[in-house]
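Next come the chains, spelled out residue by residue.
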Amino acid sequence: MNAPHFPHRATGDYQQSDAAHHLHAFVDQKALNSEGARVMVRGEGVYLWDNDGNRYIDGMSGLWCTNVGYGRQELIDAASRQMKELSYYNMFFHTTHPAVIELSERLFSLLGDRFSHVVYTNSGSEANEVLIRTVRRYWDIMGKPGKKVLIGRINGYHGSTVGSASLGGMAFMHEMGDLPIPNITHVDEPYWYANGGDLTPEAFGKRAALSLERKILELGADRVGAFVAEPFQGAGGMIFPPDGYWQEIQRICRQYDVLLCADEVIGGFGRTGEWFAHRHFGFEPDLICIAKGLTSGYVPMGGLLMSRQVGEALVERGGVYAHGLTYSGHPLAAAVALANLDVLEKDHLVERTKNDTGPYLQRALREAFADHPLIGEIQGVGAVAAIQFAKNKATRERFSDEAELTWHSRTVGFELGAIVRSTNGRLIVAPPLVIDHAQIDELVGKMRQAVDATAKKVL
Ligand code: PLP
């Protein structure tokens, strides 16, 4: 191990300074300040270490992004080489560079001939911002300027900027900044466990999909430009739609000439055991947002991928594409993304997630939790899963204090050295794709201990 980059300081010292200067994402800052943030200092493979030397198995890949795990030398070398050769140039006006060209060739060879163009961003939020402008531009040049409305889903998540948080359907986020912006609206989420009532999952999934058709008919198809959704909801609780949901959504989008947009910021780059999650669910999007696993989070990068139909129309008929980000296609990010794709391919991480470690993780979770008194349902595929807390498994009644219960399990997990996340009455996991069987046993074992500790409090 190399010497640390920064001189060591006491944890309390870091925490004090952190509290003085930072507003952390999605927490009550005042409450956090009395506790102090956990100071992470090192990562290797699937493990992280904090400033006091405690080791954690990272069941969340950071924020669903470190698909190849921490500290991979290939990515470090690629970054260093690129920094020495061309530390920065941009794609404004008439310039480009090899790293970004190589990256795009690789991405489109993974996507197949239906896709042709990309605009790179620095994040998933920005990818969704670009999506909003691109959808509206596309319909303008197609002679249908009325198609300005974008439809997202309740409890969807697409980022934290003005447009992306508007597309998202989290009411508590809308309260900050007076969102959503005009011409964005939301339809039902396919969350059978919470909202399915007496319907079978399939019947409920169809009903949830039909809420899109109802909304299109209510607004008029000549006003609706796109439907935007995560193939499976991530931040909303790793919610997997019932079988048939996506086929019905696709039928509706095609019938009413509405662009079908998949936010693959979490689902892309192997998470489900496919390169892209829409393949797992069997639908064909027109636009795809990517980020996170594109670079395994080593450097920021995202993008909006366009089908040939959209990309070529923008080129042939669109004139000036009035959009640009200083760091779009940044050479360092592109070089790291390429090295990341190399590792995913060389180590067969996508296939391994589909055929080996994914099924192993899913089985381990079902063995650990199928009969657990606190757990009503286990959902997941590949290296992504959720366990749903339930008060009554037969009726699917949820605990009124489920947020505290899942938070308790998550906190005990941390104390035991396993990082999982608590959201919407569920504990969620998405470990790095490099995780092996023994590490899955360790992660699931610690989750079980954590949920047992919560059960002791409740039962
Ligand atoms: N879209 C989805 C599905 C996400 O899960 C996220 C982040 O978690 C985003 C977009 C936003 O990405 P970023 O945080 O890189 O802006």
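Since the structure is predicted, the reported quantities are computational estimates derived from the model, not experimental observations.

The rules we used
- Residues numbered from 1 in each chain as written.
- Predicted model: local features only at pLDDT ≥ 70, side-chain atom pairs only at ≥ 80, totals over all residues.
- Pairing = 2+ DSSP bridges.
- Helix = DSSP H or I, 4+ residues; strand = E, 2+ residues; numbered from the N terminus.
- Axes fitted to C-alpha atoms, helices over the stretch in contact; angles between N-to-C directions.
- Contact = placed C-beta atoms within 7 Å.
- Expected span 1.5 Å × (residues − 1).
- Buried ≥ 20, exposed ≤ 12 C-beta atoms within 10 Å, placed from the backbone.
- Arc of directions from axis to C-beta.
- Left-handed = near helix turned anticlockwise from the far one by under 90°.
- Nonpolar A, V, L, I, M, F, W, Y, C, P; charged D, E, K, R; others polar.
- Near = placed C-beta within 6 Å.
- Parallel < 35°, antiparallel > 145°, perpendicular 65-115°, else oblique.

## Describing the sheet that holds strand E12 (residues 384-389)
Logical step 1: On the basis of which strands lie adjacent, the open sheet formed by 4 strands has the order E11-E12-E15-E14 and antiparallel pairing. Looking at strand neighbours, the two that pair on one side only are strand E11 (375-381) and strand E14 (421-423), the edges of this open sheet. Averaged over all neighbouring strand pairs, the angle between strand axes comes to 20 degrees, with direction disregarded.
Logical step 2: Pairing of E11 with E12, which is carried by 6 bridges, proceeds in the antiparallel orientation. In the sheet register, Glu377 faces E12, and the bridge partner there is Gln388.
Logical step 3: Of the strands in this sheet, E12, E14 and strand E15 (426-429) touch helix H17 (residues 402-416), which is tilted by about 175 degrees from E14.

## Topic: helix H16 (residues 357-369)
Logical step 1: With 13 residues, H16 extends 18 Å between its outermost C-alpha atoms, agreeing within 8% with the 18 Å of an ideal straight helix rising 1.5 Å per residue.
Logical step 2: What H16 keeps buried is the set Thr357, Gly358, Leu361, Leu365, Ala368 and Phe369. Buried residues of H16, viewed axially, fall in a sector of 105 degrees; they line one side. In H16, the exposed positions angled more than 90 degrees off the buried face are occupied by Arg363 and Glu367.
Logical step 3: Among the structural elements, helix H15 (349-355), E11, E12 and helix H18 (437-458) are those in contact with the buried residues of H16.

## Some points on the packing of helix H5 (residues 98-111) against helix H14 (residues 331-346)
Each pair of packed helices can be described by the angle between their axes along with the distance between the axes.
Logical step 1: Put simply, H5 and H14 touch, their axes get as near as 8 Å, and they point 40 degrees apart. Between H5 and H14 the crossing geometry is left-handed. Contacts between H5 and H14 pair Ala99, Val100, Glu102, Leu103 and Arg106 from the former with Pro331, Ala334, Ala335, Ala337, Leu338 and Leu341 from the latter.
Logical step 2: Within the contact of H5 with H14, the residues separate by chemical class into 9 nonpolar, no polar and 2 charged.

## Observations regarding the site of the ligand
Logical step 1: Around the ligand lies a shell of 16 residues, among which Ser123, Gly124, Ser125, Gly159 and Val265 are the nearest.
Logical step 2: The biggest single contributor to the shell around the ligand is helix H6 (residues 124-141), with 3 residues.

## Considerations on the packing of H16 against H18
Logical step 1: Put simply, H16 and H18 touch, their axes get as near as 10 Å, and they point 25 degrees apart. Taken together, the axes of H16 and H18 are roughly parallel relative to one another. Judged by the twist between their axes, the crossing of H16 over H18 is right-handed. The residues of H18 that touch H16, namely those facing Thr357, Tyr360, Leu361, Ala364, Leu365 and Ala368, are His437, Ile440, Asp441, Val444, Met447 and Arg448.
Logical step 2: Residues that form the contact of H16 with H18 fall into these classes: 8 nonpolar, 2 polar and 2 charged.

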